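Here are the chains, one letter per residue:
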Amino acid sequence: MVSTHPSGVQDSAHKYLPLFNSKNFDLSPNQQLLPLTAKVNSQDCLEIGGCDVKTLVEQFGSPLYILDEETVRTACRQYRDSLKRYYKGESQVLYASKAWSCLAVCALVASEGLGIDVASGGELYTALTAGVNPELIYLHGNNKSREELRYAIESGITIMADNWHDLQQIVELAQGQQPVRIMLRLTPGIDCHTHEYIRTGHLDSKFGFDPGDLDEVFAFVSKQTALNCIGVHAHIGSQIFELQPHRDLAALMVQWLTDSAKYGLKITNLNVGGGLGITYTESDDPPSIEEWVKPICQVIEETCTKENLPLPKLLCEPGRSLIGTACVTAYTIGSQKEIPGIRTYIAVDGGMSDNPRPITYQSVYRAAIANQMSQPLTQTVTIAGKHCESGDILIKNAQLSKSKPGDILVVMATGAYNYSMASNYNRLTRSAAVIVANGEANLILRRETYQDLVRQDCLPERLIQKS
Ligand SMILES: Cc1ncc(COP(=O)(O)O)c(C=O)c1O
Ligand SMILES: N[C@@H](CCCC[NH3+])C(=O)O
C-alpha cells in the first residue's frame, strides 16, 4: 500500500518524477530531480529516455551513468531561446565542459548551437576532437602552461587571459602570428551564497585580474598589436539560487566596457559566466533557466542605454544547469549492515570515486530503488560506497523502500561534476556511461578495465620480481 502525504504527494519514489508531458518542454530541467523523460513503467521500474534502468544495468554493467539526451537538449534550447527572447543584441551560449567533458557531450551541446568553455589542454583536445568549431571554444585557467597556450593559439580559439603571467606569455607566443583573440577575466568582487570551494567572484579569489588593476590591464592590452581583445569575462561561483548577484554583475560588467573605451579598446563581447543552481533535493529552489537569463539581459540593456553604449554580444557559460539533472547513476546494492539503535548501512558498488561531491562539499543527493518505484519509503538508511574510507558515504539518512542485495539504486542529478571529477581511488575502474533517447541506449564512455588501470604504470627492471 502506498501511503499519501497530506500534500497529496505519494510517499514513494514517484514523487521525484517530473511533471513532464512530451508536448510540454516548458519545465526547466535544472528545477527537476530526475531527467525530463523519467517515468515508471508497467514493471514498476524507472525508465529514462524510454529505456528501463534495470535492463540498462544488465546490458552495460554497474555502476552506470545514464544521461538523458532530451533533458540536455531542452536545457540548451531554453538558454538559447531565452537569450533570443530577452536580448536584442547578439548572444552565444557556451557549455562549461568541466561539468562533464567527453566527446559525446561536447558533440551533443555543439549540435544545439552551443560553444564550449574549456579549462585545460585536455578539455580543449576533447572539444576539438568532438568536432567543435574552434571559433566557439574559449580557454580558461588561472595557470595555463605555455604548451596549453601554444595549443590554443595554433587551434585558433579564444583565450581568457586570467592574470599578468597569462598576458605576458600570450604576447610572447603571439609574436609573428595573427593577433590572438583574447578576453579578460576580471574579479568582480561580488559575493554569493554557495559553498566556499565553489565561490569565485569574491575579491579573495585565485581567478581573474584584481579590480584594482583594471586601468593598467586595459592600458597594457590597448598597446599590444599581438592581441585582439574582444571582451571581458567574470564568473561569480556555482550552484547559486539568488538572482541579485548576477544582476549586480551585469551592471558592473557594462561599467567595465565604458572604462575600456577610454583606452581605445573596442570590446564587443561580455561573458557573464555560469553558476545557475540545480535541484539536488526537494528543498532546493533554483530559478528557472529563463528566470536567470531575463534579468541579466534587462540589466545589460538598461545600463547600456544609460551609458549610451551599443549592446555587446552577450555570452554565458553554464555547466551544472545544462547537464546536472539530465543524468542518474545506477548502482547495484550489495551488503547491508544494521547497527541496532544507530543506523543501517546499505553499500553500493561505487562511491566517492564516481561521485566525489558528498565527501568534498557535503553535497546532499536523493535516491530511489529503480526496480520498485511504487513501494512505500519505509526505510531510513545510509548509502555507503565501497571505498576503504569511512567518509565514503553517498547519502546519509536516505528514505527508501525496503531493498535487498541485487536491487538497483539510482542516485539523481549526477550529470555535473561527477564523471568529470571521478577518480580511480582503490583502483576502482571508472564507470561506463550511456546516452538514452527514444528507447535507444548508446555507450558514450566505456567502462575501464583492469588493463586500463595499469596502462600508464612503469615497472623498472630492478623491481621486477624474480621467481
Ligand atoms: C569560469 C567558469 N565558467 C563557468 C563555470 C560553470 O559553472 P556552473 O557549472 O555553476 O554553471 C565555472 C564553474 O564554476 C567556471 O569556473
Ligand atoms: N566541482 C564543483 C563546481 C566547480 C565549479 C568550477 N569552477 C562542484 O562539484 O560543485
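Residues numbered from 1 in each chain as written. Chains lettered and ligands numbered in written order. Predicted model: local features only at pLDDT ≥ 70, side-chain atom pairs only at ≥ 80, totals over all residues. Heavy atoms only, no water.

Enquirer: Help me understand the overall build of the protein in this model?
Expert: Helix and strand counts for the protein stand at 12 helices and 20 strands. At 24 Å, the protein has a C-alpha radius of gyration in line with the 23 Å of a compact globule built from 467 residues. With the C-alpha coordinates aligned to their principal axes, the bounding extent of the protein is approximately 70 × 70 × 40 Å. Burial statistics for the protein: of 467 residues in total, 56% are counted as buried. (Helix = DSSP H or I, 4+ residues; strand = E, 2+ residues; numbered from the N terminus. Rg over C-alpha atoms; globule rule 2.2 N^0.38 Å. Buried < 20%, exposed > 50% of the residue type's maximum accessible area, 1.4 Å probe, protein only.)

Enquirer: Even after reading the chapter, I still don't get the site of ligand 1, so can you show me in this structure?
Expert: Around ligand 1 lies a shell of 15 residues, among which His235, Ser238, Glu317, Arg320 and Tyr417 are the nearest. Within the contact set of ligand 1, an oxygen atom lies 2.7 Å away from a side-chain nitrogen or oxygen of histidine 235. The separation between a nitrogen atom of ligand 1 and a polar side-chain atom of glutamate 317 is 2.7 Å. Here ligand 1 loses 93% of its free accessible area of 390 Å² to cover by the protein chains. Of the residues assigned to the shell around ligand 1, the class counts are three nonpolar, seven polar and five charged. (Near = heavy atom within 4 Å. Polar contact = N/O pair within 3.5 Å; in protein donor to acceptor, adjacent residues only side chain to side chain. Areas by Shrake-Rupley, 256 points an atom, 1.4 Å probe, with all protein chains shown as cover. Nonpolar A, V, L, I, M, F, W, Y, C, P; charged D, E, K, R; others polar.)

Enquirer: Would you explain the pattern of salt bridges in this entry?
Expert: Note that side chains of opposite charge can pair when their charged atoms are close. Overall, the coordinates contain 18 salt bridges when judged by the stated rule. In this structure, aspartate 407 engages lysine 404 in a salt bridge whose closest nitrogen and oxygen atoms are separated by 2.9 Å. Given a relative accessible area of 46%, lysine 404 falls into the partly exposed group. Several salt bridges converge on common partners, so that one network encompasses Glu69, Arg73, Arg77, Arg80, Asp81 and Glu112. (Salt bridge = Lys/Arg side-chain N within 4 Å of Asp/Glu carboxyl O.)

Enquirer: Would you mind going over the site of ligand 2 with me for this structure?
Expert: Close to ligand 2 lie seven residues, the nearest being Arg320, Arg357, Tyr361, Tyr417 and Met421. Interatomic distance of 2.8 Å between a side-chain N/O atom of arginine 320 and an oxygen atom of ligand 2. In the environment of ligand 2, a nitrogen atom lies 2.7 Å from a nitrogen or oxygen atom belonging to the side chain of tyrosine 361. Burial of ligand 2 by the surrounding chains reaches 84%, relative to a free accessible area of 310 Å². Per-class residue counts for the shell around ligand 2 are four nonpolar, no polar and three charged.

Enquirer: What is the right way to read the UniProt feature "modified residue: N6-(pyridoxal phosphate)lysine" (unreviewed entry) in the protein from this model?
Expert: What UniProt calls "modified residue: N6-(pyridoxal phosphate)lysine" (unreviewed entry) maps, in this numbering, to Lys98. For lysine 98, a relative accessible area of 30% gives the class partly exposed. Excluding residues within four positions of it along the chain, lysine 98 makes contact with Asp117, Ala119, Glu123, Tyr417 and Ser420. (UniProt positions renumbered as here; feature names shortened; annotations may be inferred. Contact = heavy atoms within 4.5 Å.)

Enquirer: What am I meant to see in the sheet that holds strand β12 (residues 313–316) here?
Expert: The strands making up a sheet are joined through hydrogen bonds of the backbone, oriented either antiparallel or parallel. Spatially, eight strands are ordered β5-β6-β7-β8-β9-β10-β11-β12 in a closed barrel, and the strand pairing comes out parallel. The mean angle between the axes of side-by-side strands here comes to 30°, regardless of whether they run parallel or antiparallel. Direction of pairing for strand β5 (residues 91–96) relative to strand β6 (residues 115–118): parallel, over a ladder of three bridges. Its bridge partner lying in β6, tyrosine 95 is registered against isoleucine 116. Along the sheet, helix α7 (residues 214–222) makes contact with β9 (180–185) and β10 (227–233), crossing β9 at roughly 175°. (Pairing = 2+ DSSP bridges. Axes fitted to C-alpha atoms, helices over the stretch in contact; angles between N-to-C directions.)

Enquirer: Is there a simple way to think about the sheet that holds strand β1 (residues 39–40) in this case?
Expert: Reading across the sheet, the three strands line up as β1-β2-β3 and stay open at both edges, with antiparallel pairing between neighbours. Among the strands making up the open sheet, the edge pair consists of β1 and β3 (51–52). Sheet topology note: the strand β2 (residues 46–48)/β3 ladder contains two bridges and is antiparallel. Of the residues in β3, the one forming a bridge with isoleucine 48 is cysteine 51.

Enquirer: Help me understand the packing of aromatic side chains in this model?
Expert: Here the distance between the centres and the angle between the planes together describe a pair of aromatic rings. What the rule picks out here adds up to eight aromatic pairs. Centre to centre, the rings of tyrosine 65 and tyrosine 419 are 6.1 Å apart; their planes meet at 85°, and the pair counts as edge-to-face. Of this pair, tyrosine 65 sits in strand β4 (residues 64–68) while tyrosine 419 sits in the loop between β18 (408–412) and β19 (432–437), and the two are 354 residues apart along the sequence. The two residues tyrosine 65 and tyrosine 419 agree in class, both being buried. Look at tyrosine 280 and tyrosine 365: their rings are 5.2 Å apart centre to centre, the planes differ by 75°, and that puts the pair in the edge-to-face class. In this pair, tyrosine 280 sits in the loop between β11 (269–271) and α9 (289–307) while tyrosine 365 sits in the loop between α11 (357–361) and β15 (367–369), placing the two residues 85 residues apart along the sequence. A relative accessible area of 4% places tyrosine 280 in the buried class. By relative accessible area, tyrosine 365 is classed as buried at 1%. Taken together through their ring pairs, the aromatic side chains of Tyr65, Trp100 and Tyr419 make up a single cluster. (Phe/Tyr/Trp six-rings, centres within 6.5 Å; stacked < 30°, edge-to-face > 60°.)

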